[in-house]
Amino acid sequence: MAMLMAAQQRYPYAGIILNDIGPEIHQEGLARLKSYAGKSSPVKSWEDAAAQTRRLNEVAFPHYSQQQWLRFARQLYAENGEGVPVLSYDPGIATAIERDPNSAVPEDLWDLFRATREFPTLLIHGAISDILHSDCVKQMQKENPAMRVAEIDGIGHAPMLDEPQSLSAIRKFLSDKPDR
């Protein structure tokens, strides 16, 4: 969305922060997302929700503690009227990907990405991301040399933005005067 909005240039944005996303989505990560999006089993407790969250996301957050998994689950689930956790995102999100992967995730967004050159841009990149490949990040830096990149060690897609490295990069980006 940020790349599309930058391309339309209807608003004077102070800057753009991209969270582990770019003009290409690596097929390995897309396959992983397709394997579980919209297919999660119902859970009976917060402990079950944390366990399911871990099972589906451990590849991206291999060093998370049980407390972090529970906090993550509380971001993905909400309690229903009986106090049981239920997913709080639209499981239909997988429908578009299953029906036509090319329409849900266009193959080439490089023209849209190039529009970010007009704005100060920060990319938060999970160092072990299977969605945003490091080769794509390198190409993004070539296309937008002024773009700042904060690589978040030991994290995949997508950083929670509460990691010390993420927070530091965001604070610095927001406090600096625009380069342009």
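Presented here is an overview of the structure given in this document. (Residues numbered from 1 in each chain as written. Predicted model: local features only at pLDDT ≥ 70, side-chain atom pairs only at ≥ 80, totals over all residues. Heavy atoms only, no water.)

Quick look at helix α2 (residues 27–36)
Residues of α2 that are buried include every one of G29, L30, R32 and Y36, and no others. One face of α2 carries all of its buried residues, which in axial projection span an arc of 160 degrees. The first or second residue beyond α2 is G38, which carries a positive phi of 75 degrees. (Buried < 20%, exposed > 50% of the residue type's maximum accessible area, 1.4 Å probe, protein only. Helix = DSSP H or I, 4+ residues; strand = E, 2+ residues; numbered from the N terminus. Arc of directions from axis to C-beta.)

A short note on the sheet that holds strand β1 (residues 16–19)
One open sheet accounts for 3 strands, arranged β1-β4-β5; its pairing is parallel. Each end of this open sheet is capped by a strand with a single partner; those strands are β1 and β5 (148–152). When strand polarity is set aside, the average angle formed by the axes of neighbouring strands in this sheet is 15 degrees. Bridge analysis of β1 against strand β4 (residues 121–126) gives 4 bridges, and the strand direction is parallel. In the strand pairing of β4, I16 is matched with T121. In the packing of helix α9 (residues 164–175) onto the sheet, contacts are made with β1, β4 and β5, and the angle to β4 comes to roughly 175 degrees. (Pairing = 2+ DSSP bridges. Axes fitted to C-alpha atoms, helices over the stretch in contact; angles between N-to-C directions. Contact = heavy atoms within 4.5 Å.)

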